[in-house]
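Structure at a glance
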Amino acid sequence: MVDRPVRVLPVIHTNQFFRRSKRGGRLSRQKIEAIARNLQLELWSRRSEFFPNRTFESPLEILEPSLAFGALGYQFKSGTSIGQHSQDNVTFEVAGLIDPSRNRVQISRQFPPAIRNFTAAHELGHAILHHNLGLHRDRALDGSAGSGTRDRTELEADIFATYFLMPSKQVRKSFTQIFQTEKFELNEQTAFALNAGDYDSIRARCGTVRDLSRILANAKQYNGANIVSLAELYRVSVEAMAIRLEELDLLRI
Ligand SMILES: [Zn+2]
């Protein structure tokens, strides 16, 4: 009997994309975006090596944290519950757990898909940016936390998750395809195309840009056609997509 060679799939090393300098220092948003972009490019250009049993129809399919973890050599598990944790006298249901020293990550199925996806992408940010994190647990994240009181490590992982799940070029392209403009402006014609009420009633509901960006992130119809909403297409919460549309300056009221 001849032993068949065991096929070893290639693995991306987490420090291939980022090595923190000895002095540490703050990572800029631009730097985090470039790191997320490099990871996406590597996953996409080497997809047949990393995922020989899968065919990809669209580059959006590579924006899947579990695939990235696979290529990083991580064991990715999703379980019905990964328990509770107490921190600063508050007990919470753990949504994500990562142990970079043992290359393992776990995501709880207790939460809706958009939260699971954002939490998993946040853990991916830790895997790439915070090699010395140790065993770490996160509560449920949907991408709407803002910078408020988050510490720098958590904020960096959130920023990474946003760029990994909603890359600028792809979101702009999807937005333009759906709304047929590079910058959406609410007027009689676009209000009609949204099929969400007449201009005056939509205008009355849109006191802030966020109100309109939520409507666009969640729109399931435009110009008489049924569409997959941007939030669904990118598997994120309406709020996370609404924030991203504003960051990319894609609308005005
Ligand atoms: Zn975290």
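Residues numbered from 1 in each chain as written. Predicted model: local features only at pLDDT ≥ 70, side-chain atom pairs only at ≥ 80, totals over all residues. Heavy atoms only, no water.

**Quick notes on the packing of helix α1 (residues 29–45) against helix α5 (residues 152–165)**
Where α1 contacts α5, the axes come no closer than 9 Å and their chain directions differ by 45 degrees. Regarding the angle of α1 to α5, the classification is oblique. Every pair of crossing elements has a handedness; the one defined by α1 and α5 is right-handed. Where α1 abuts α5, its residues Arg29, Ile32, Glu33, Ile35, Ala36, Leu39, Gln40 and Leu43 lie against Glu156, Ile159, Phe160, Tyr163 and Phe164. For the contact of α1 with α5, the class distribution of residues is 9 nonpolar, 1 polar and 3 charged. (Axes fitted to C-alpha atoms, helices over the stretch in contact; angles between N-to-C directions. Helix = DSSP H or I, 4+ residues; strand = E, 2+ residues; numbered from the N terminus. Parallel < 35°, antiparallel > 145°, perpendicular 65-115°, else oblique. Left-handed = near helix turned anticlockwise from the far one by under 90°. Contact = heavy atoms within 4.5 Å. Nonpolar A, V, L, I, M, F, W, Y, C, P; charged D, E, K, R; others polar.)

**Topic: the packing of aromatic side chains**
Considering all chains together, one arrives at 10 aromatic pairs under this definition. Between Phe160 and Phe164 the ring centres are 6.1 Å apart and the planes differ by 10 degrees, which places this aromatic pair in the stacked class. Separated by 4 residues within a single helix, Phe160 and Phe164 lie in helix α5, roughly one turn from each other. One exposure class covers both Phe160 and Phe164, and it is buried. When the ring of Phe175 is compared with that of Phe179, the centres are 4.9 Å apart and the planes differ by 55 degrees; the resulting orientation is tilted. Taken together, the residues span about one helical turn, with Phe175 and Phe179 both in helix α6 (residues 168–179) at a distance of 4 residues. A residue is classified by how much of its surface remains accessible, and Phe179, at 3% relative accessible area, is buried. Sitting over the face of the ring of Trp44, Arg47 holds its NZ or CZ atom 3.7 Å from the ring centroid. (Phe/Tyr/Trp six-rings, centres within 6.5 Å; stacked < 30°, edge-to-face > 60°. Buried < 20%, exposed > 50% of the residue type's maximum accessible area, 1.4 Å probe, protein only. Lys NZ or Arg CZ within 6 Å of the ring centre and 35° of its normal.)

**Overview of the side chain of Glu154**
By the secondary structure assignment, Glu154 is in helix α5. One buried charged side chain, Glu154, makes no salt bridge at all; its nearest oppositely charged neighbour is Arg150, positioned 4.2 Å away. Filtering out sequence-adjacent residues up to four positions away, Glu154 remains in contact with His122, His126, His136 and Asp138. (Lys, Arg positive; Asp, Glu negative; His and termini not counted. Salt bridge = Lys/Arg side-chain N within 4 Å of Asp/Glu carboxyl O.)

**Remarks on the domain arrangement of the protein chain**
Examined at the domain level, the protein chain breaks down into domain 1 (14–165) and domain 2 (168–252). On a C-alpha basis, the centres of domain 1 and domain 2 stand 27 Å from each other. Summed over both partners, the interface of domain 1 with domain 2 comes to about 1200 Å²; 52% of that surface belongs to carbon and sulfur atoms. At the boundary of domain 1 and domain 2, one finds 1 salt bridge. Every element with two or more residues in the side of domain 1 that touches domain 2 is listed here: α1, α4 (113–129) and α5. (Domains from an automatic or database assignment. Buried area = accessible area lost by both parts, 1.4 Å probe.)

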